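Analysis of the macromolecular model
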Amino acid sequence: MVSRRHTGHPRSAAEQILDGLNDNQREAVTAIDGPLLIIAGPGSGKTRVITHRIAYLVRVVGITPYGIAAVTFTNKAAREMRQRLVPLLGQAADRLTASTFHAFCANVLRREGEHIGLDRDFVIYDDTDQMALVKRALTELELDPKRFPPRSILSGISSAKSELLGVEGLAHRSGSYWDEIVVRAYERYEDLLRQCSAVDFDDLLLRTYRLFERVPDVAQKYQERYVHFMIDEFQDTNVAQYAIARQLARHHLNICVVGDPDQSIYTWRNADIRNILSFQDDYPKAKLIALEENYRSTQTILDAARSLIASNTQRVDKDLWTRNGEGVPIVIAEGYNEEDEAQFVIREIQSLTKNQESVVGRKKSGPSLGDIAVMYRVNAQSRALEEACLRYGVPYQVVGGMKFYQRQEVKDIIAYLRLIANPDDDVSLNRVINLPTRGIGQRTLDHLARTARGAGTSQFAAIKSLSDGSVLDRDAVISPFTARAKTALIGFGNLIKSIADEREDLDLLDIIDAVLERSGYQRWLLDQERGEERMENIHEFRASARDYLSLGRTEALSAFLESVSLVADVDSMEDRTDAITLITLHQAKGLEFPVVFMVGMEEGLLPHSRSMDDPTQLEEERRLCYVGVTRAKERLYLLRAFRRGFRGMSGGSEPGTPSRFLLDIPQELLAAPTQPKSPATGNQRSAVRRAESGEGVRSAMTESRREGIRRTKLPTPSRSDNRERSFGTIRSVRSSRAPNVPGQRPARAGSNQAAASPRLATGDKVMHKVFGEGIVMECKPSSGDFEVTIAFKDGAGVKRLLLGMAPIEKVS
DNA sequence: CGAGAATAGTTTTTT
DNA sequence: ACTATTCTCG
């Protein structure tokens, strides 16, 4: 490379690439000949090894980036890999294939699908679409969805596909009545997919596999191209993915897989840990390298992780170690309920980040908000956290949850677009044919489905033949459609056709606008509940289409639709320094944060109730917990709630039990919570301790129950004062601020508070520390404080905040 | 026959 | 709470 050196010899590329790697890492980077299995513990520099290995292949060995493929679990990981390669490879990094298995396969199929009779404009069906199709298949087979839940049927189909079993293959293997039903549904489901020119997620893999099997020329092309094939997160690949990798590596045999069996958390999605064993069978000469030095976490965190995972019986022990210091103890704490738990998290975050606010010259370097993540088992848990963030004015970023592309209004527009790209897409057609209402009801749709099926065409085609009268003329006498329905159907058909016909003349944005206008969707939506807000989502969606304008007009629509189908939530996660991250444990895989809070450490949540009975699944839950713990670099908090609401009935549930995983963590790694204002923490801890020291979980629970109630000085819960009660549990707040209960509701338990008036009124101008300037829109009493609704300038939007908590000042 | 209202059932994790 | 299906009315 062109850079001046003060030593006599310029450093060679090899030296530069290997610099700073430990022995095992070096070995992994330079073992470039033949199959390689890297077992990489958490924080062992896995990504570094992969990127440096690629750099080594290119700059030292001289392989063209074009000949290297690296498959990752998410698009985000792929993007990051490419970015990290830029300093090592420069522009050449662009030529590398780096994507998810699914995206890779979609690409191959888009280019080569014709060989196996795949329509050029095929759409990719997501989970919801698949369900619609399975339901239809069941109806057509006259199977009772109560006895045969579509969900279960679909998962049967999906796991068959993940193991490369077609209908025949599954039929062959089936051994029970249930299997028999799945086979029949599978068969019909496949017909429907074909009819719609659609493939589902599993098909992307299955069909790529078949393509390579059946069309050797195509397979050969890719086999020769990819001199090196690498797979990250190998423990989470399924049989189909591994099979494709083997196909691709058949020629050069340079296949490198990187994984950690202890981090396998996707077996429910048919990932198969046995792939790691198979790898060694399939490639007996494979070199095996273990990366065991951890660069990420403190000794304390690593110790906790180690003892936790050691409780799993189905595993090979690893020797994880770190040179990092001991660090600070792990904090285990209990909140009264989920709100209280969230409260604890937020207050702790505030105290952690307080030290470094706007002082000239660097002050104490505490974590910034971007260094902090709160992790949970189920998406629903984000809610309490979000609310707490809003109240306290802590900026946050939720990964996933209500996925953007899953929002109804967005999916509606996507359905229109898909239909324009591929009118045979029955699922999309059914979604929007009566949206806005066009007088096409269930009855008409049933007829339409039957007609289409009878004619062996898609529903759109059936509508078309209705309008030109071709097919149905013969049956005109018994035509099931009323004149009104017929007109409505033809009207819809023309709508789609007219836009599709202009596809060449319109760019992507025009098409979206045409849909919004001509379908009447926009006008209709704005009249709906929360219409404005939902329209905003559509605008955001429309804006995201901008990226595709540079592509040709024909290409843009399909490319856009494809990207929409294949993004993961974590893909759109930004590396923000100014907001905490709320994320599920699953999505957190592969990420790291200086500070990690894991909430919901309770039996039933982690481990989840669905997985508690089965030892295999239980071990997966423990691995999930392990993944969470090992995300933390410096500080780890394990929280739980004494009571947790269930589906809306907040707080009214039975007391919970601390997660058994807490018992796996040695006491000496634990500390009292760092929140001095909280008088209850010591007791909470003793509750946990007691549970650990063998007195049993039950007694710990009873203890903490007594604690919870005493601490909060509250009478027996009654439904009506849920909110007040939960406020009462905000321990430290209570001691530091006098709650203001407005006159309206004096009947609060122990009402020793005088009514006070809010210090803000509607119309006041305020300044918020984080969100900036805003106007008060509403101010109403809430849980002994006031909830103010403020519209902020500068795109911060409208926020609901708790007056007593939020860093707000009145401006004028 | 369709549209909105009432009611029943239910999701753990996601490419 | 949230949706998906069923019920009832125009």
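Residues numbered from 1 in each chain as written. Chains lettered and ligands numbered in written order. Predicted model: local features only at pLDDT ≥ 70, side-chain atom pairs only at ≥ 80, totals over all residues. Heavy atoms only, no water.

1. Thoughts on the overall build of chain A
In terms of helices and strands, chain A carries 31 helices and 22 strands. Counting over 812 residues, chain A shows a buried share of 54%. Across chain A, contacts joining residues at least 24 apart in sequence account for 74% of those joining residues at least 6 apart. (Helix = DSSP H or I, 4+ residues; strand = E, 2+ residues; numbered from the N terminus. Buried < 20%, exposed > 50% of the residue type's maximum accessible area, 1.4 Å probe, protein only. Contact = heavy atoms within 4.5 Å.)

2. Side note on helix α4 (residues 75-89)
Counted at 1.5 Å a residue, the expected span for α4 with its 15 residues is 21 Å, and the 20 Å between its end C-alpha atoms agrees. Following α4 by one or two positions, Gly90 has its phi on the positive side, about 70°. (Expected span 1.5 Å × (residues − 1).)

3. Points about the pairing of strand β18 (residues 765-768)
When a strand is regular, its side chains alternate between the sheet's two faces. Side chains Val766 and His768 of β18 all project onto a buried face; the interleaved residues Lys765 and Met767 project onto a face where none is buried. Sheet analysis places β18 next to strand β22 (residues 808-810), joined by three bridges and oriented antiparallel. Note that in β22 the partner of Met767 across the bridge is Glu809. (Pairing = 2+ DSSP bridges.)

4. Quick look at the protein's contact with DNA strand B
Residues in contact with DNA strand B amount to 28 residues; listed here are only the nearest, His102, Arg377, Arg443, Thr444 and Ala568. Here, DNA strand B places atoms within 4 Å of the protein, and 59% of those atoms are sugar or phosphate. Between DNA strand B and Trp268, the relevant distance is 3.2 Å, taken from a base oxygen to a side-chain nitrogen or oxygen of the residue. In the environment of DNA strand B, a phosphate oxygen lies 3.2 Å from a nitrogen or oxygen atom belonging to the side chain of Asn379. Here the surface near DNA strand B gets three residues from one element, more than from any other, and that element is helix α19 (residues 442-455). Here the surface near DNA strand B is composed, by residue class, of six nonpolar, 14 polar and eight charged. (Near = heavy atom within 4 Å. Polar contact = N/O pair within 3.5 Å; in protein donor to acceptor, adjacent residues only side chain to side chain. Nonpolar A, V, L, I, M, F, W, Y, C, P; charged D, E, K, R; others polar.)

5. Details of the side chain of Thr300
Its location among the elements puts Thr300 in helix α14 (residues 299-310). Judged by its relative accessible area of 5%, Thr300 falls in the buried class. Those residues in contact with Thr300 that sit more than four places away from it in its chain are Glu326, Gly327, Val328, Pro329, Ile330 and Leu669.

6. What about the environment of Asp33?
Inspection of the secondary structure puts Asp33 in the loop between α2 (23-30) and β1 (36-40). In this structure, the C-alpha to C-alpha distance between Asp33 and Ala286, residues 253 residues apart in sequence, is 9.7 Å.

7. Brief notes about the confidence of the model for chain A
The predicted model of chain A has a mean per-residue pLDDT of 81, with 81% of residues at 70 or higher. This stretch, residues 1-6, has a pLDDT under 50; its non-local contacts, to residues over four places away or in other chains, come to five contacts. Per-residue pLDDT stays below 50 along residues 751-756; that stretch engages in eleven contacts with residues further than four places along the chain or on separate chains. (pLDDT = per-residue confidence, 0-100.)

8. Quick word on helix α13 (residues 274-282)
All of the buried residues in α13 are Asn275, Ile276 and Phe279. Summarising the axial view, the buried residues of α13 lie within an arc of 105°, below the 170-degree limit, and thus occupy one face. Turned more than 90 degrees away from the buried face of α13, the exposed residues are Arg274, Leu277 and Asp281. If you follow the buried residues of α13, they end up packed against β1, α12 (239-249) and β7 (255-259). (Arc of directions from axis to C-beta.)

9. Digging into the sheet that holds strand β16 (residues 632-641)
Spatially, the seven strands line up as an open sheet ordered β13-β14-β12-β15-β16-β11-β17, and their pairing is parallel. The two strands at the open ends of the sheet, each matched to only one other strand, are β13 (396-398) and β17 (670-671). Summarising the sheet, strand β12 (residues 372-376) and strand β15 (residues 593-598) pair through four bridges and their orientation is parallel. Residue pairing for β15: Val374 is matched across the bridge by Phe597. Its contacts with the sheet put helix α15 (residues 338-354) on β11 (330-335), β12, β14 (580-584), β15 and β16, and the angle it makes with β16 is roughly 155°. Together, β12, β15 and β16 form the strand contacts of helix α26 (residues 615-629), whose direction differs from that of β15 by roughly 140°. (Axes fitted to C-alpha atoms, helices over the stretch in contact; angles between N-to-C directions.)

10. Some words on the packing of aromatic side chains
The full count for this structure, using the stated rule, is 19 aromatic pairs. For the ring pair Phe212 and Tyr222, a centre distance of 5.6 Å and an interplane angle of 55° mean the geometry is tilted. Here Phe212, found in helix α10 (residues 201-214), pairs with Tyr222, found in helix α11 (residues 216-225); they are ten residues apart in sequence, far enough to count as distant. Neither Phe212 nor Tyr222 differs from the other in exposure class; each is buried. Summarising the aromatic geometry, the rings of Tyr521 and Trp524 are spaced 5.4 Å apart at their centres and angled 55° between planes, so their arrangement reads as tilted. With Tyr521 and Trp524 both in helix α23 (residues 521-527) and three residues apart, the pair spans about one turn of that helix. (Phe/Tyr/Trp six-rings, centres within 6.5 Å; stacked < 30°, edge-to-face > 60°.)

11. Things to note about the sheet that holds strand β2 (residues 68-72)
With respect to topology, six strands assemble into an open sheet ordered β3-β2-β6-β7-β1-β8, the strand pairing being parallel. Strand pairing shows two members of the sheet lacking a second neighbour, β3 (97-100) and β8 (287-291), which therefore form its edges. Mean inter-strand twist for the sheet, computed between neighbouring axes without regard to direction, equals 15°. Sheet analysis places β2 next to β3, joined by four bridges and oriented parallel. Pairing of Ala69 across the sheet is with Thr97, part of β3. Sheet strands in contact with α4 are β2 and β3, and its direction is about 160° off that of β3. Lying over the sheet, helix α5 (residues 101-112) contacts β2, β3 and β6 (228-231), oriented at roughly 110° with respect to β3.

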